[in-house]
Each structure stands twice: as structure tokens, then as C-alpha cells.
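An overview of the molecular structure
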Amino acid sequence: MFSLKNYYKTILVDFKYTSCLNFFYESSAMKKGLIKIIEISLKKLGIDPIPPIEIYIPPEESFGDMATPVAMTLSKSIKKPPRKIAEELVNSLKDHSIFEKMDIADPGFINFTFTKDYLYSELKMLIREKSHFLLQNIGRDKRVQIEFVSANPTGPLHLGHGRGAAFGAALSNLLKAAGYKVEREYYINDAGKQVKLLGLSVFARYQQLLGIEYPSPEEGYRGSYIDDIANAIIKEVGKKYSECSFDTASDFFTDFSYKMMLDDIERDLKDFSITFDTYQSERELYKKGDVEKAIDDLKMHGFIYEKDGALWFRATDFGDDKDRVILKKDGEYTYFTSDIAYHRKKMRKGYDKLINIWGADHHGYIPRLKAAIQALGYPKDSLKVLLVQMVTLLRGGKPVQMSKRAGEFVTLREVIEEVGPDTTKFIFLTRRPDSHLEFDLEVAKVRSSENPVFYVQYANARINSIFSHAKEKGIVIEDFNGVDLSMLSLPEEHRLIKNLLLYPVIFESAVNALEPHRITFYLQELAGIFHPYYHNHRVVTDNVELSRARLALCEAIRIVLKDGLEILGLSVPERM
RNA sequence: GCGCCUGUAGCUCAGUUGGAUAGAGCAACUGCCUUCUAAGCAGUGGGUCAGGGGUUCGAAUCCCUUCAGGCGCGCCA
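No experiment lies behind these values; they were computed from the predicted model shown.

Overview of the protein's contact with RNA strand B
Near RNA strand B, the surroundings consist of 67 residues, among which Tyr56, Arg431, Arg432, Tyr458 and Ser465 are the closest. By atom count, sugar and phosphate contribute 63% of the portion of RNA strand B lying within 4 Å of the protein. Within the side chain of Gln389, a nitrogen or oxygen atom sits 3.1 Å from a sugar or linking oxygen of RNA strand B. Between Tyr455 and RNA strand B, the recorded distance is 2.6 Å, taken from a side-chain N or O atom to a phosphate oxygen. Of all elements in the fold, only helix 4 (70–78), strand 3 (109–114), helix 9 (193–209), strand 8 (310–313), strand 14 (437–440), helix 19 (452–472) and helix 21 (517–536) reach the threshold of two or more residues within the surface near RNA strand B. Here the surface near RNA strand B takes nine residues from helix 19, the largest share from any one element. When the residues that make up the surface near RNA strand B are grouped by side-chain class, the tally is 29 nonpolar, 19 polar and 19 charged.

Digging into helix 3 (residues 29–44)
Taking 1.5 Å of rise per residue, the 16 residues of helix 3 would be expected to cover 22 Å, and the 22 Å separating its terminal C-alpha atoms lies within 8% of that figure. Listing the buried residues of helix 3 in full gives Ala29, Met30, Gly33, Leu34, Ile35, Ile37, Ile38, Ser41 and Leu42. Where helix 3 terminates, the next one or two residues include Gly46, which has phi positive at roughly 80°.

What to know about the packing of aromatic side chains
This model, assessed by the stated rule, comprises 27 aromatic pairs. Ring geometry for Phe203 versus Tyr214: centroids 5.1 Å apart, planes at 90°, classification edge-to-face. With a gap of eleven residues between them, Phe203 in helix 9 and Tyr214 in the loop between helix 9 and helix 10 (224–237) connect regions that are remote in the sequence. Judged by its relative accessible area of 0%, Phe203 is buried. Of the residues examined, Tyr214 reaches a relative accessible area of 26% and is grouped as partly exposed. A cation over an aromatic ring shows up here: Arg143 above the ring of Tyr351, its NZ or CZ 4.5 Å from the ring centre. Its guanidinium or amino end placed over the ring of Phe272, Lys425 lies 5.2 Å from that ring's centre, counting from NZ or CZ.

Brief notes about the nonpolar core
If you look at soluble globular proteins, the nonpolar side chains tend to sit buried side by side. Ranked by size, the top nonpolar core spans 148 residues in total, and within it Leu171, Phe439 and Leu500 carry the most contacts. Here the element with the most residues in this core is helix 22 (residues 544–568); it accounts for 13 residues. Excluding residues that lie within four positions of it along the chain, Leu171 makes contacts with Ile146, Ile355, Ile357, Leu386, Leu514 and Pro516. Judged by nonpolar contacts, the second largest core, of 30 residues, contains Val291, Leu311, Phe336 and Ile373.

Description of the pattern of salt bridges
Between side chains of opposite charge, pairing is possible as soon as their charged atoms come close. Scanning all chains against the criterion turns up 33 salt bridges. Across the salt bridge formed by Glu100 and Lys116, the nearest N and O atoms sit 3.2 Å from each other. Residue Glu100 is found in strand 2 (residues 99–105), and its partner Lys116 is found in helix 6 (residues 116–128); the two are separated by 16 residues along the sequence. Relative accessible area serves as the criterion here: at 44%, Glu100 is assigned to the partly exposed category. The partner of Asp434 in a salt bridge is Arg432, with the nearest N and O atoms 3.1 Å apart. Since its relative accessible area comes to 45%, Asp434 is described here as partly exposed. Residue classification places Arg432 among the partly exposed positions, given a relative accessible area of 44%. Overlapping salt bridges bring together Asp268, Asp271, Arg413 and Glu417 as one network.

Notes on the sheet that holds strand 1 (residues 66–68)
Whether parallel or antiparallel, the strands of a sheet pair through hydrogen bonds between backbone atoms. Read from one edge to the other, the open sheet built from three strands follows the order 1-3-2, with strand pairing classed as antiparallel. In the strand order of this sheet, the two ends are held by strand 1 and strand 2, each with one partner. Within this sheet the neighbouring strands show an average axis-to-axis angle of 20°, counted without direction. As paired strands, strand 1 and strand 3 are joined by three bridges and run antiparallel to one another. What sits directly across from Thr68, in strand 3, is Ile110. Lying over the sheet, helix 5 (residues 82–93) contacts strand 2 and strand 3, oriented at roughly 170° with respect to strand 2.

Reading guide: rules and limits
What you see as residue numbers is a count from 1 along each chain, following the sequence as written. Here chains are named by letter from A upward and ligands by number from 1 upward, in the order in which they appear as written. Where local features are concerned, this predicted model is filtered to residues with pLDDT of at least 70; where side-chain atom pairs are given and counted, the filter is 80 or more; whole-chain, interface and lining totals use all residues. Calculated side-chain values reflect all of the structure's heavy atoms, with hydrogen atoms and water omitted. We call a residue near a molecule or strand when any one of its heavy atoms sits within 4 Å of it. Counted as a polar contact is a pair of N or O atoms within 3.5 Å, where, for protein atoms, one must be capable of donating a hydrogen and the other of accepting one, and residues adjacent in sequence contribute only when both atoms are in side chains. The secondary structure listing takes helices from DSSP runs of H or I that are at least 4 residues long and strands from runs of E that are at least 2 residues long, numbered from the N terminus. Throughout this entry, Asp, Glu, Lys and Arg are counted as charged residues, while Ala, Val, Leu, Ile, Met, Phe, Trp, Tyr, Cys and Pro are counted as nonpolar. The remaining residues, Gly among them, count as polar. Multiply 1.5 Å by the residue count of a helix minus one, and that product is the helix's expected span. Accessibility here uses a 1.4 Å probe with only protein chains present; expressed as a share of the type maximum, an area under 20% marks a residue as buried, one over 50% as exposed, and anything in between as partly exposed. Between rings of Phe, Tyr and Trp, where Trp is taken as its six-membered ring, a pair exists when centres lie within 6.5 Å; planes separated by under 30 degrees are stacked, by over 60 edge-to-face, and by other angles tilted. Remark: a charge is flagged as sitting over a ring if the NZ atom of Lys or the CZ atom of Arg is within 6 Å of the ring centre and within 35 degrees of the ring normal. To qualify as a nonpolar core, a set must consist of buried Ala, Val, Leu, Ile, Met, Phe, Trp, Tyr and Cys residues joined through side-chain atoms within 4.5 Å. We call two residues contacting when some pair of their heavy atoms lies within 4.5 Å. By definition here, a salt bridge exists when the distance from a side-chain nitrogen of Lys or Arg to a carboxyl oxygen of Asp or Glu is within 4 Å. Two strands form a pair only when DSSP identifies at least two bridges running between them. Between the N-to-C directions of two axes lies an angle of 0 to 180 degrees, each axis being a line fitted to C-alpha atoms and, for a helix, fitted only over the stretch in contact.

Everything listed here is a matter of coordinates, which is why it stays silent on function.
Printed below as a string of C-alpha cells:
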């Protein structure tokens, strides 16, 4: 009988692995193990240098479990036909007990099929050591800060912010699961013209609501939320500021307004299950002298000059299109200036990597910020800016009119209320962030009964239900160790096991590509194998041993589903 | 004019960073609830991967070019 212990021994003997546990838990055993085995065989065959070994899942299930094109890759450099290389490699791998078979396909693909015993042992590992199986220490405790949403507190969140929020949160969860130390931050633009304009817009509305004629600012903010703030102020201070000038009331109105807006935003995010670890205020950067220090720093390094009565930063020294003003001739700083200070502060906190998630409309801003980071003496790629493309909101195929000026737009809150938070998130997370997204309210709503998100969640709920049923029948499993997994002999069961064991492969690729949506697609696939299996075969039957084995399989599925759903920031309902 | 993103089935989107015969969901049509949940299952149809050229064993994927859509090119934020 195959035993895991023997397998470890095989590896120890063959490859002189001093720490086989690392080898197993570092990533997918199936993939990494295979890579290692091939590398060693190639070395034995006298091939040097050994190229990076590519392993992928074959296009047809019948081909095998995993495949490599390495023979083709090598063909040129060692001047041998790919088929010949493949044959030699397969030959040298023959002794390994984990392969049921190895096939060579034209022009030189090698297809590997694992033994069932190997699959069972890996499945057992998944169930027994789930934290090790799921937590792959790719990040090695590196500190990453992810800044996202950071919407100006001058209006409610819209759907575009929602996309950034869903993506940012999922990415944070993903990296955290991958062993990074992740901090999520929201940058509050509470200084500068925009919040002041908000204050003025509210001030005008305040006067109007008190029956005093006062012009709303030309380019000011409108919409019912402005009324809400103005009414809240009336409730708070009554007519205290009626008929006084904006100059004297400016601070109060501005502060009151943006703080109320910020509360709203926080509440919206909370209802979307998005949380942050830290908030950074722009005002605070000025107050604490961070902005001054940043400018001094740049001056010291000689990247600042004066022209036309303003101070300029030599962004062109680092590849930007033009130099940028950091102190205007009217004595005000630009938005960019505080942003330099902000990122300087971030860098000085000692993160290994900064990730900013921005709306794609800000892409033109990247070169100047990266220029600033380099001018401050940090490597260019210490900051990674991920762009999230725009969202077009439709209703029944027709664009919903969005006029910020007229205050007519659909807020994130309204969408969540109409469509539901999980469905909304799922729609965001089934797309690459850089693809333009069409969000049709009618489609999202109509589909909400048959939405893919429920398909995945339902699989988990179903499994819970199976376990309750098993309990009623008197089958309770305290320890899966004693379960005989070789009872799982159906092709569907082997498919499920293989799919589960591939989760770490998908996970790792999602981490490396910074693309949580790969998890979403994987979960749909897993659920798509489980549901038919459930339909065609009963888990709990009179055959107790078989029932126990199938329950173990269900347990493994539940572990992976839950892990994936949690990474995506979706709820995991126990029953539906 | 310059820069960034996108173009894949009727619709919305994936496509393992260059791999084998390009996939899923929705929509359409046909069946299945006396069973551990029908938010489920089984089946059918659907493609010039925007067009053209190139790179190589191999391209939806990389390079060039044309076309189409979106966004950006402030001493605004």
C-alpha cells in the first residue's frame, strides 16, 4: 500500500531534500514537486543550464493531469529533436511512484498522469493540514501597503469606486493569504479646493433653505446629498450663519460637510463589507510639516527650480513628459505636492511594496509620481499602480444618465440595495481590472436568482446540508485521518480531487499576476463539478465506509470554497 | 497631434503571462423535483479571436500597421 511516509522517503532519497515539509507547503505539491523532479532528471541527463520548467494543465482531461513543453523549449539549445528529449526525460522519470503514466504527444509535449494513491494522499493533506495547504508563504512576511478607494469626500461613492473597493479588498485578502503583511489605507483628500467648494455649495444651499437668496457656485456640487448636509447643519446650529459671509463661515461649513460625507462613505463601505486598517488625511500632511519636508528633500537633491514665479519639480529627469509645478505663483501648493509628501511618508514607513489602486482616468498621473519617488531616492518599482477601468452603468441596455454637475448619478449604495452586495462584488471580480465594464442593472438583477455567485455559495450550503443529514443518520466524523479515501473510485471523484489540488496553482498565479478574478473563475469551475456529482451520486448511503470517504471529499471542497469566497470578500452562507 | 486601456459566440466576459481541437455564464430550444436543498441536473445550437503584415517548432497572447470605442494630456483635484 502506498503511504505518504514512503513518498517523503522517496523524495528524500532521490533529491536529498533536507526540508521536505517546505517543499510540500511552499506551493502546490503537484506543480512544484513536478518541476523539481523534472529539473533533477534533466540535470542527470547532463543538460545545463536548465531552463525554467513550464507546467500547465493540459487542454483535454484525457491527456493527463499536468503537462510540460520543456522538450520543445530545449530542442533548439541542445540541438536534439523534441521527441527524443521527451523520450529520454520520460525514461529517467519512470521510477517515480507518483506517476501512473507519462505520454508523449506531438511535437513533444509530455503528459503526466498521477497515481490515485498520490491524489488520495494529497487530498488527505488538504483536509488534515488545511492551513498549510492554503497558506502558501509566497510573500514571506513582506510588508505591502495597498491604498484604494481614496474617493474625495465631496460626494457619495459611485459604482466606479465600488469596483476599486471590491478589487482592492480582494487583492488585499489574496496577498494576505499568500503570506504578505498587508495594510489597507484610504487617503482622504480633505485639503484643497474641492472640499472648500463642497463647503461653499452647502453654504449656498443652507442660505436658500432658510429663505435667503444666495447663488449656488457655478461649478459647485449639487444633488440631494447637498440638501441633506445643509439640513443637518440647520438642525445643528439653526440660523446661526444666516446672512453672514462665506469667509467667516467657511471653516465650519467645509469641515462639517466633508466629515459628514466621510461618515457616509464609511457607512457605504461597511455595508459593502470593505474595511481599512488606516486612514491618512491630506490636511495632516500639511499640519505635521510633511509637505515642507518633502519639498526640502527634493530641493536638497537639486530637483527643484523656480520659473515664472512658481516652484517646479524636474519630473522630466525621470521620464515624465514635462516638469511639474509644486508651488503655484499664488502661493498655494498643488495636489501633486501633497501627494509627493504622502508617498514619501509611505516609503519611510518601510514597506517593501506600495500598491495604489486608481481609476484609469488618472493614468496620466503615474509618470510624475514615479518620478517623484525616484527623485526621493527610492526605486521606481517600489510603487505599483494598478488601474481599474471605468464602469458604464446601464439599465436595460441603455446608458444611465450620469451628470455630476446636475447631481444626477446612481450611487454605489443604490446599486447595492437594488442588486445586492455579493452580486455586485461578483460582477466586479469576474473581470480583469483593466477591462472596461458594462454594468447593466436589469441584467444584474434578473440574474440574481440564477447568478453565478449563488451557484458557488450554494455548493457550500449544500455541503453543510449533507453533513447535517449525515449526522442525522449517525455518521459523524471527528477525525478524517481514519477515512479510507481509496473508496473514492468514480471518475467524477478523481476529477474533483484533482481540481481541489489545483487550487494552490491557481492561487499562486493569481498572486503573481495580482489578479483576484482567477479565484472567481476557479470557484465557478469547482462548483460546476460538484453540483453534477451531487446530483448523480448520493454522499450518504448505507455503505458507511463509502459515505465517510465522500464526506471527506465534501469537507475538502468546503474548505477550498470557503477559502476562495473569503478571499473575494464574499459571504459564505451556511444555508440558502 | 501624443500617451494609456479595450476589441474573442446574439449579450456579458474568461483564456493558466507563447502551447495541443479557443471556453464559461446569460439568452434560445428540449427533458428531470416521493431523494443529502430544483439558487440544481442532463442535452442541443452558436466563432474570419476587429483587419493586414511579421517574429518561430507553435500566436487570441509578442512586434509593426490600419480601423473602431473609452480615457488622459492644467500653476484642477
